[in-house]
Amino acid sequence: MILKPRTSLVLLLVLLLSTTGFAATVGKIVGVVTDKETGEPIPGVAVQITGTTMGALTDVDGKYFILNVPVGEYTLRAEQIGYAPVEMQEVKVSVDLTTTAEFQLSSQVLDIGETQIVTAERPLVLKDQTQSLTIKTQEEVQNLPTRGYQDVVGLSAGVVAFQSNGGITVRGGGEQTNTPQLNIRGGRSGEVAYIVDGVATQDPLTNVSTTAINNNAIEEIAIQTGGFSAEYGWISSGIINVTTRDGADKYSGTVEAITDEFLGESAGYHWNTIAGNLDGPLFGDKATFFVAGERRRWGDREARATTEDALKPVLGDLATASLPNNELSGWNWQGKLRYDINEKNILRLGHLGSYEDWNQFHMNYFFNGAHGPRYLDENYSFYGRWTSNVSPTTFFELGSAYQITKRLAGDKTHFDDIFAYGRPDGNSNFDDTRLFWIGDDPSTPDVDEGHVYEDFEKRWSSHIDLNFNMTSQVNDFNELKFGADFVRHTLRFYNHLDPTQIDSTITDPEQYARSAWQDANFYGYDQTGQNEVDDGRDGAKHPYTFALYLQDKVEWEGLVINAGLRYDLMNVNSERLRNEERPLDPDNVLSNPSGHTDEEIANATILDDSDFEDAEAEQKISPRIGIGFPISDKTVFHINYGKFFQRPDLQNLYVGSQFLERMVGDAPYYSPVGNPNLEPEETTAYEVGMQHQLGDYTSFNLTAYYKDVKGLTQVVNQPSSPNSFASYRNSDFGTIKGFDMQWKMRRNRSISAELNYSLSWAQGTGSFANTQSNIAWTNTERPIRTSPLEFDQRHKITAIMDVRAGRQQGPKLGDIYPFENAGVNFVFYAASGTPYTPAQVYDEVTIASVTPIIIGKVNSRTGPWTYRLDMKANKTFSFARMNWDIYLWVLNVLDTENAIDVYEGTGEPDNTGWLATAPGQQFLQTYGEEGLMKYNLKQQTPLNYDTPRQVRLGMRLMF
């Protein structure tokens, strides 16, 4: 079948309308076919991927290559008249990598007519790897005692799964998320790209991903911590590339359930998950589909080790191991369709979605749980991709994607009803001890006296992506790839800093508007946040990016060169202040009012059109090169250099004009405003690595890296008239260096193992974009020297051991093998503590603002080491023509109390030391036993600790 031009045009329009940049989702297979008896190459051999139309013929030298092979595991068949056919099973293809599969065909008469079966093994040393890359297969993901791809990534060398203590220690911070933030090689969490099936899934406003994926849908996770090719843009720390499963030519499915409630209330955290997936053929043999879904109901989404002991003095026998007001209710789902139009053209359509409604336990709201923080995160991705094999050596991809990311955050009781936040008589304050927000009085059921959570935020971002790339195997050793990408965003943002000011009892419209909405920062919404606005200065923002790249991969006699050049354009597509020193009066009219009209003088006190100008677009060129070459047949050495640019969090680029006018005109309080002048953040990275095969089953990898980072976003104080204001600048910088080591043993006598160790030094002038908020607020001198970053984890060790028996393997008892089709996986973590800044002992847990007195260098001390052992044991049974997999999953097997944060005055996780000071003694004299109880409750917060032992039971039914 040949596509007619009209049909091609229709397909192109469908893709464009179905609408981030697309990334690679394929690899390639190469090899040589030789005569088993003579060793001579055999030309004209047909090498086919069974069950597909993909294949190739060997050339005169017996060489072949198959391009555009989706990630997965395949069976290859090689056959030629006069030779016995050979099938090679378990050939694994990974994203962006070359898989070598070489055949030996026998021409002996006894062999002809009988297919020979061989099993491929992934090489211990990947010879075309010119960067830091870790691959986790579907089997490994299923065996690990983890749930979710973020947990799998957290095991890798160079990755720090940084956990916040929920705001107990105020040091700045990033986005509140339902999972630990991932920092790769000393970079900020927003410097990581999260890619699923080639589509970026992070929220462009924050550069953080909240997308959840069903474990059973994952085909492979590729974790890249350095050396990114020119194909990848707006990234500087890491790439998490998740490939999900495709449909097969036979129907199959899985149903899975996990719970911890089988142990009863005392040991359960009400952690329940139900998941399922189904795949198979559709429309005959032309199409396949894959669908998956997951339902999560977690009573305590992040259990902490000391919860019951910390809460028992207050709750008594009602205290349990679960944190109160820390629930999650969530869904995620996925659908994929592949349609083979003909042998050369393939259409792929996909959708990925997740919905998470969760509460955050916060110690300040312990006696006011009804008004604690609540979040709703939604993610929806749709994509289409048309792949056309122009010739056996060339193919192109045309793709389009459309993604929506939403967040709503607010008070647990009132949540999205912003008018219900109003408190005509003012918001209730903290109690006498200044430790907790006041809760509701149960004796007055008709009145809610509780302190309302005042930070209401609503945001909506979407983007349309159009992408084209072409790959051509120019000759036996040279693969050339060219691509272009265009992304247009639509951003809506609403943040009301004090919605309790919305007083519906005010009758005067102007006074009502002034009091109700003066503390709201918004664009893309009206002043209430309830209605969308597309036009005007406070309409939706539409930044866009455009990119071109050229990538050349040379593979010649063991030498591999990945060289590329990338061009990026970022246009914020917005206006900026003409003069930041005089934002309301850029022409300095007020200094000489006699020479100007009354209208000009009046305009010099407000923001109007004359105060703005168009912001400039940013253009960047990124050269990148990676070289890998063999030192011996078992050792490969690689070096890598690259320039990488990171787009700033888009929420730091924009501000509503009404809020901007209030901040520069009245300066009522400290609150940073967005800056459209922000430039991309720049990283120059160097990497040297070695892979060595130690024996038939083990390998050792060592990589050293150095990164110079500049132009990072940081809040600063902008001197201005009539008032200074806080905004963002490209003022932070840093240096990161370290070593990543990995020893790996593939399965040998039922055992596989892996040992990772990271040693790193992450230094900079700011860990987050708001690290220097206190400096900007007090207008003190900004740091000019680097210090350890908040997520500078000096040492990290991860050890994984998997013991597994197949059919009729393991010890034999009579005629049965009790441990056949069973296994156990152990993961051991050990890590040094993260830094903190030593300070004089002070009341660190009060709600009132307190500025610590620093007694040492910034982040010059570290918290204690943490240790943890997790385990997952399973056994598979066959019953009623189906496979039943039963497993026991245990987190923190040894029930170790790991402190993940400490107080700056003492270095301890449960004691500020303040009660022993003179002010602390005065506090005890004033508030007595109740004051002591409340203070101990606050300072012994469970949020300073990691998870306790958790035991979960799971079952998977596979058919």
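The rules we used
Residues numbered from 1 in each chain as written. Predicted model: local features only at pLDDT ≥ 70, side-chain atom pairs only at ≥ 80, totals over all residues. Heavy atoms only, no water. Helix = DSSP H or I, 4+ residues; strand = E, 2+ residues; numbered from the N terminus. Rg over C-alpha atoms; globule rule 2.2 N^0.38 Å. Areas by Shrake-Rupley, 256 points an atom, 1.4 Å probe, with all protein chains shown as cover. Lys, Arg positive; Asp, Glu negative; His and termini not counted. Charge placed at Lys NZ, Arg CZ, Asp CG, Glu CD. Buried < 20%, exposed > 50% of the residue type's maximum accessible area, 1.4 Å probe, protein only. Pairing = 2+ DSSP bridges. Contact = heavy atoms within 4.5 Å. Axes fitted to C-alpha atoms, helices over the stretch in contact; angles between N-to-C directions. Patch = residues over 30% accessible without salt bridge, like charges linked within 9 Å, V, L, I, M, F, W, Y side chains within 5 Å. Salt bridge = Lys/Arg side-chain N within 4 Å of Asp/Glu carboxyl O. Phe/Tyr/Trp six-rings, centres within 6.5 Å; stacked < 30°, edge-to-face > 60°. Arc of directions from axis to C-beta. pLDDT = per-residue confidence, 0-100. 1 Å grid on protein atoms, 1.4 Å probe; cavity = no way out; pocket = protein on both sides within 12 Å on 5 of 7 lines; lining within 4 Å. Points joined across faces, edges and corners; volume = space filled by probe spheres on them. Nonpolar A, V, L, I, M, F, W, Y, C, P; charged D, E, K, R; others polar. Core = buried A, V, L, I, M, F, W, Y, C linked by side-chain atoms within 4.5 Å.

Quick word on the overall build of the chain
In terms of regular secondary structure, the chain is built from nine helices and 44 strands. Over its C-alpha atoms the chain spans a radius of gyration of 30 Å, differing by no more than 12% from the 30 Å that the globule rule assigns to 959 residues. If one aligns the C-alpha atoms of the chain with their principal axes, the spans along those axes are about 100 × 75 × 50 Å. Counting every atom, the chain has about 40,100 Å² of accessible surface; 55% of that belongs to carbon and sulfur. Distance from the positive charge centre (79 side chains) to the negative charge centre (126 side chains) of the chain: 6 Å.

Concerning the pairing of strand β34 (residues 698–718)
Of all 21 residues in β34, 15 are buried, a share of seventy percent or more. Here twelve bridges tie strand β33 (residues 681–693) to β34, and the two strands are oriented antiparallel to one another. Residue pairing for β34: Thr-683 is matched across the bridge by Val-709. The hairpin turn running from β33 into β34, its antiparallel successor, is four residues long. Judged from the 20 bridges that link them, β34 and strand β35 (residues 725–748) form a sheet pairing that is antiparallel. Looking at β35, one finds that Thr-713 is bridged to Asn-730. Linkage of β34 to β35, two consecutive antiparallel strands, is achieved through a turn of six residues.

Structural notes on helix α7 (residues 657–665)
Among all positions in α7, only Ser-657, Phe-659, Leu-660, Arg-662, Met-663 and Val-664 are buried. Those residues of α7 that are buried lie in contact with β26 (520–523), β29 (575–577), β30 (612–614) and β35. A positive phi of about 45° marks Ala-667, the residue just after α7.

Topic: the pairing of strand β13 (residues 192–196)
For β13, a buried count of five out of five residues is recorded, marking the element as mostly surrounded by other parts of the structure. By the alternation rule, side chains of β13 split into Val-192, Tyr-194 and Val-196 and Ala-193 and Ile-195, which are all buried. Bridging between β13 and strand β16 (residues 238–244) involves five bridges; their strand directions are parallel. Bridge pairing in β16 links Tyr-194 to Ile-240.

Some thoughts on the sheet that holds strand β6 (residues 86–93)
With mixed pairing, the five strands of this open sheet are ordered in space as β3-β2-β5-β6-β9. The open sheet is flanked by β3 (55–57) and β9 (116–119), the only strands paired with a single partner. Strand-to-strand twist of the sheet, defined as the mean angle between neighbouring strand axes without regard to direction, takes the value 20°. Bridging between strand β2 (residues 46–49) and β3 involves three bridges; their strand directions are antiparallel. Within β3, the residue paired with Gln-48 across the bridge is Gly-55.

A word on the sheet that holds β13
Pairing within the open sheet is mixed, and its five strands lie in the order β10-β15-β16-β13-β14. Two strands lie at the open edges of the sheet, namely β10 (132–137) and β14 (199–200), each paired on one side alone.

Topic: a nonpolar patch on the surface
On the surface, a cluster of nonpolar side chains totalling about 680 Å² of accessible area is made up of Ile-464, Leu-466, Val-474, Leu-480, Phe-482, Phe-486, Phe-546, Leu-548 and Leu-550. Within the residue set of the nonpolar patch, elements represented by two or more residues are β24 (456–475), β25 (478–496) and β27 (544–556). Positionally, Phe-482 belongs in strand β25.

What to know about the packing of aromatic side chains
The geometry of an aromatic ring pair is captured by two quantities: the separation of the ring centres and the angle between the planes. Taken as a whole, this structure holds 31 aromatic pairs when the rule is applied. When the ring of Tyr-251 is compared with that of Phe-289, the centres are 6.4 Å apart and the planes differ by 50°; the resulting orientation is tilted. With Tyr-251 in the loop between β16 and β17 (252–259) and Phe-289 in strand β19 (residues 287–298), this residue pair connects regions lying 38 residues apart in the sequence. Residue Tyr-251 is classed as exposed on the basis of its relative accessible area, which comes to 58%. On the basis of relative accessibility, which here comes to 14%, the residue Phe-289 falls in the buried class. When the ring of Phe-366 is compared with that of Phe-367, the centres are 5.0 Å apart and the planes differ by 85°; the resulting orientation is edge-to-face. An aromatic cluster of at least three residues, connected via ring pairs, comprises Tyr-421, Phe-456, Tyr-494 and Phe-522.

Thoughts on helix α4 (residues 307–315)
Structurally, the α-helix is built with 3.6 residues per turn, so residues lying three or four positions apart point the same way. Among the residues of α4, those classed as buried are Thr-307, Ala-310 and Leu-311. Projection of α4 onto a plane perpendicular to its axis shows the buried side chains occupying an angular sector of 90°, all on one side. Residues of α4 that are exposed and point more than 90 degrees away from the buried face comprise Asp-309 and Pro-313. Among the structural elements, α9 (918–939) are those in contact with the buried residues of α4.

Here's the deal with the confidence of the model for the chain
For the chain, the mean per-residue pLDDT works out to 91, and 95% of the residues sit at or above 70. Counting contacts from residues 1–21, a segment whose pLDDT is below 50, to residues more than four positions away or on other chains yields 42 contacts. Below a pLDDT of 50 lies the segment residues 166–170, which in the model reaches ten contacts outside its immediate sequence neighbourhood of four places, other chains included.

Some words on empty space enclosed by the protein
Reported here for the largest cavity is a volume of approximately 530 Å³. Lining the largest cavity we find 40 residues, and of these Asp-96, Ser-229, Glu-231, Glu-479 and Lys-553 sit closest to its centre. Ranked by the residues each element gives to the lining of the largest cavity, the list is headed by strand β32 (residues 635–646), at four residues. Broken down by class, the residue content of the lining of the largest cavity amounts to 14 nonpolar, 16 polar and ten charged.

Observations regarding the nonpolar core
Ranked by internal contacts, the top residues of the largest apolar core, which has 23 residues, are Ile-29, Tyr-64, Ile-66, Leu-76, Phe-103 and Leu-105. Elements that contribute at least two residues to this core include exactly β1 (26–35), β2, β4 (63–70), β5 (72–79), β6 and β8 (103–105). By residue number, the principal contributor to this core is β6, which donates four residues. Leave out the neighbours within four places in its chain, and Ile-66 touches Lys-28, Ile-29, Val-47, Ile-49, Met-54, Gly-55 and Ala-56. Grouped together as the second largest cluster of nonpolar side chains are 22 residues, Val-141, Ile-218, Val-242 and Val-827 included.

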